[in-house]
Amino acid sequence: MINHPDDQTLSDLLDDGLDPAERAGAEEHLAACDACFTRLQRLRMLVANASSLPRVMPAPAGEWQRIRARLHAAGSPAGRAPWWTQRTALLAAGLALVVASSGVTALLVGGRRDAAVQQTASTPAPAALTPRLAALEHEYATVTRDLERQLAEHKHMLAPETVAAVERSLQTIETAIAEAREALARDPGSETLARLLVAGHDQKVELLRHATRLVTQS
Amino acid sequence: MRRTLVLWVLTICLTSTAAAQSRINRRLPLAADGTVRITNLAGVIRLHGWDRDSIVATGEVGRGSKGFFMGGDRTAVKLGIDIPNDDVTTAEPSTLDVWVPAGSRVRVKSTRGVIVVDSVTGSLDLGSTSGNITVTGVPRELTVETMDGDIELEGAIVWLRARSAGGDITVRGGAEDLVSASVSGTVTVTGGPVRAARLETMTGNIVFEASIARGAVLDLGTHSGAVRVLLPKGSTPTVEATTVAAPIDNNLTPQRAAIRGEGRELALSLGGDARLTVRSFKGAVTLAWGGPPLRLVKQ
């Protein structure tokens, strides 16, 4: 029976919280298991997305006054529990979560067998990539698109030399990614190329996350 | 009349200089494992760990800055230089010398500032957009991030994450768990011992000349940078090196790398339980003996 690493282990791996032996074991498993590798990348995307969110999201001006006024107008009985804490609502929410996550899992795990991985129009066409890599590229494309959008919105807050440094590095990474993809088209089974491609995407996400953090947390 | 005019101009100059470059000298009590946040967007931040339960800040506020701020309680202190609209082009560099309890958790943020740290044993989170960062000592946890600055780390670091887009990263000394990545800068690790390391670049070179711990896991990857690994004599790792379109020069054993398309593949087992993996797209890989003598670390 194969022991797949649980979510906590994957999370620790991502946070570099595993000791060398555990890490080696997990990485060995990930090298062979498409499903767990995809789970890890999914988790990585989530962390990258979350880290780029602003620390504080102020409510619109006067929002609390409006909410208070609406509560008074509705005659909300004091002490009554909010709807989202009620048992039926919790059950419904839990069911929705299970359905949603099962769908995602089915998509990810099934991607190993199903070559027809859904691609958006903006995702680069991974003609010769394995389904696993194609799915990963799709995820990376989604994350980088979000980060690029955030960066574009706040670009004016960065010093010109910082913008130039980011653009220079992005260009370097994109060239490397393009070369790795081209080589993978000729040699789809190469584990080295697959890992180099993923490393390129990781560097791109990290660079964008860093640049975005410079403006969103200033 | 002329003498009066000169004296008058001199007085104005001295007064404005004194006003613009105000001196800093503040002290607050702080717990041995307190949290500290430091901001100095332009200039120099020198952070020192010491064995007292207080934090002291000295230095000079540069012309054009709003001033120095510092506040907090025994568990957390926040301090720094306030620049209007965080626009570093409007303010002259400020200098900050900060002494913190050695075990503190410190976060330093800068844009063009140089960050220099010594003797902190707690955790450090250091970030500068274009300034260089230098750390000496034995911090428990160290996170360093720059866009274009160079990073230099020296000491025995338990947990280290260093990342730069265009700068070089140099680690001299040991690390239990090391991840170091640069897009176009050179990543260098010397000294050791290193137990777990992941070194990555896109076009930057990778130089690994450190001793390795028993059971170490080392992972080196680059797109087009040259990779040079100098293993200490007596090291016994299992080595796997692969390139897509570049040579592998193996001087560890007589074995030659096998040809695979335009690239090369090499697998060596030198008998021990440490593992070294090198992946390169088109950067040449050199493996040789050298470096410091092997120092084994008990697991």
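Use the structure listed above.
Residues numbered from 1 in each chain as written. Chains lettered and ligands numbered in written order. Predicted model: local features only at pLDDT ≥ 70, side-chain atom pairs only at ≥ 80, totals over all residues. Heavy atoms only, no water.

**Student:** In this structure, what is going on with the overall build of chain B? I would like to understand it.
**Tutor:** Tallying secondary structure elements over chain B gives 1 helix and 25 strands in all. Of the contacts made within chain B by residues no fewer than 6 positions apart, 45% connect residues no fewer than 24 positions apart. Surface accessibility of chain B: about 12,700 Å² in total, with carbon and sulfur atoms responsible for 52%. (Helix = DSSP H or I, 4+ residues; strand = E, 2+ residues; numbered from the N terminus. Contact = heavy atoms within 4.5 Å. Areas by Shrake-Rupley, 256 points an atom, 1.4 Å probe, with all protein chains shown as cover.)

**Student:** Please explain the overall build of chain A as it appears in this structure.
**Tutor:** Each helix and strand in chain A was counted, giving 8 helices and 0 strands. From first element to last, N terminus to C terminus, chain A shows the α and β order α-α-α-α-α-α-α-α. Expressed as a percentage of its 218 residues, the buried residues of chain A come to 38%. Only carbon and sulfur atoms are counted for the fraction: they give 60% of the accessible area of chain A, which is about 12,600 Å². (Buried < 20%, exposed > 50% of the residue type's maximum accessible area, 1.4 Å probe, protein only.)

**Student:** Quick question: what am I supposed to make of the nonpolar core here?
**Tutor:** Proteins that are soluble and globular tend to have nonpolar side chains buried together. Among the nonpolar cores identified, the biggest contains 69 residues, and I38, L47, I55, L126, L153, F208 and L220 of chain B are the most heavily contacted of them. For this core, the leading source of residues is strand 18 (residues 206–222) of chain B, giving 7 residues. In contact with I55 of chain B, other than residues within four places in its own chain, are R26, R27, L28, L30, V36, M70, V77, L79, V98, W99 and V100 of chain B. Formed by 44 residues, the second largest nonpolar core is a distinct cluster that contains L10, C33, V143 and L151 of chain A. (Core = buried A, V, L, I, M, F, W, Y, C linked by side-chain atoms within 4.5 Å.)

**Student:** Just checking my understanding: could you explain the pattern of salt bridges for this structure?
**Tutor:** Any two side chains of opposite charge can pair, given that their charged atoms come close. Scanning all chains against the criterion turns up 27 salt bridges over all chains. The salt bridge involving R149 of chain A is made with E153 of chain A; its shortest N-O contact spans 3.3 Å. One end of the pair, R149 of chain A, and the other, E153 of chain A, are both in helix 6 (residues 131–154), 4 residues apart, so they sit about a helical turn from each other. One connected set of salt bridges, linked through shared partners, spans E206, R209 and R213 of chain A together with E145 and R163 of chain B. (Salt bridge = Lys/Arg side-chain N within 4 Å of Asp/Glu carboxyl O.)

**Student:** Hey, could you run me through the pairing of strand 19 (residues 227–231) of chain B in this one?
**Tutor:** Two faces, one strand: in a regular strand the side chains alternate between the faces of the sheet. Residues and elements named next belong to chain B. Counting buried positions along strand 19 yields 4 of 5 residues, so the element is predominantly enclosed. Where strand 18 lies against strand 19, 3 bridges are found, and the strand directions are parallel. Considered in strand 19, the bridge of V207 is made with R228. Bridge count for strand 19 against strand 25 (residues 285–289) is 5 bridges, and the pairing is parallel. (Pairing = 2+ DSSP bridges.)

**Student:** Help me understand helix 8 (residues 191–216) of chain A in this model?
**Tutor:** Residues separated by three or four positions in an α-helix point in the same direction, a consequence of the helix having 3.6 residues per turn. With 26 residues, helix 8 of chain A ought to run about 38 Å at 1.5 Å a step, and its terminal C-alpha atoms sit 37 Å apart, in line with that. With 21 of its 26 residues buried, helix 8 of chain A lies for the most part within the structure. (Expected span 1.5 Å × (residues − 1).)

**Student:** Would you mind going over the interface of chain A and chain B with me for this structure?
**Tutor:** Frequently, the measure chosen for interface size is the accessible area that the parts lose on association. Listed by partner, the interface residues are 38 residues for chain A and 38 residues for chain B. Taking both partners together, chain A and chain B bury about 3,200 Å²; carbon and sulfur atoms supply 53% of that area. Among the residues chain A hides against chain B, the three largest losses belong to D16, R23 and Q203 of chain A. Together they make up 19% of the total. Here chain A and chain B share 8 salt bridges between them. For the salt bridge of E161 of chain A with R112 of chain B, the shortest nitrogen-to-oxygen distance reads 2.7 Å. (Buried area = accessible area lost by both parts, 1.4 Å probe.)

**Student:** Would you mind going over the packing of helix 7 (residues 160–186) of chain A against helix 8 of chain A with me for this structure?
**Tutor:** Angle between the axes and distance between the axes are the two parameters that describe a pair of packed helices. All names here are of chain A. At a closest axis distance of 9 Å, the pairing of helix 7 and helix 8 adopts a crossing angle of 160°. In this view, helix 7 runs roughly antiparallel relative to helix 8, as classed from their interaxial angle. The hand of the helix 7/helix 8 crossing is left-handed. Facing helix 7, whose interface residues are T162, V166, S169, L170, I173, E174, I177, A180, R181, A183 and L184, helix 8 presents L193, A194, L197, G200, H201, Q203, K204, L207, L208, A211 and L214. For the contact of helix 7 with helix 8, the class distribution of residues is 14 nonpolar, 5 polar and 3 charged. (Axes fitted to C-alpha atoms, helices over the stretch in contact; angles between N-to-C directions. Parallel < 35°, antiparallel > 145°, perpendicular 65-115°, else oblique. Left-handed = near helix turned anticlockwise from the far one by under 90°. Nonpolar A, V, L, I, M, F, W, Y, C, P; charged D, E, K, R; others polar.)

**Student:** I would appreciate a short explanation of unusual backbone geometry in the present structure.
**Tutor:** Apart from glycine, the bulk of residues carry a negative phi angle, and the bulk of peptide bonds sit in the trans form. All names here are of chain B. Following G192, the chain continues into P193 via a peptide bond in cis, with omega recorded as 5°. In this fold, P193 is placed in strand 17 (residues 187–201). For S119, which is not a glycine, the phi torsion comes out positive at approximately 65°. The exposure class assigned to S119 is partly exposed, which follows from its relative accessible area of 38%.

**Student:** Mind showing me how you'd approach the packing of helix 6 of chain A against helix 8 of chain A here?
**Tutor:** Residue and element names in this part refer to chain A. Contact pair helix 6 / helix 8: the axes reach a minimum separation of 9 Å and the direction vectors enclose 20°. Between helix 6 and helix 8, the angle falls in the class roughly parallel. Pair helix 6 / helix 8 crosses with left-handed handedness.

**Student:** Can you help me understand the packing of aromatic side chains in this one?
**Tutor:** The description of an aromatic ring pair uses the distance of the two centres, along with the angle that the planes make with each other. Residue and element names in this part refer to chain B. Summed over the entire model, instances satisfying the criterion amount to 1 aromatic pair over all chains. Aromatic pair W50 and W99: ring centres 6.3 Å apart, planes at 40°, arrangement tilted. Here W99 lies in strand 7 (residues 94–101) and W50 lies in strand 3 (residues 43–50), a separation of 49 residues in the sequence. Judged by relative accessible area, which is 17%, W50 ranks as buried. It is R161 that lies over the ring of W159; its NZ or CZ is 4.1 Å from the centre. (Phe/Tyr/Trp six-rings, centres within 6.5 Å; stacked < 30°, edge-to-face > 60°. Lys NZ or Arg CZ within 6 Å of the ring centre and 35° of its normal.)

**Student:** Quick question: what am I supposed to make of the pairing of strand 6 (residues 76–82) of chain B here?
**Tutor:** Residue and element names in this part refer to chain B. Sheet analysis places strand 2 (residues 35–39) next to strand 6, joined by 5 bridges and oriented parallel. Each bridged residue has a counterpart across the sheet, and for R37 the counterpart in strand 6 is K78. Two elements, strand 5 (residues 67–72) and strand 6, share 6 bridges in a ladder whose sense is antiparallel. Looking at the pairing, F69 lines up with G80 of strand 6. Count of turn residues in the strand 5/strand 6 antiparallel hairpin: 3 residues.

**Student:** Just checking my understanding: could you explain the side chain of H210 of chain A for this structure?
**Tutor:** Of note, H210 of chain A is situated in helix 8. Judged by its relative accessible area of 7%, H210 of chain A is buried. Those residues in contact with H210 of chain A, other than ones at most four positions away along the chain, are E145, T146 and M147 of chain B.

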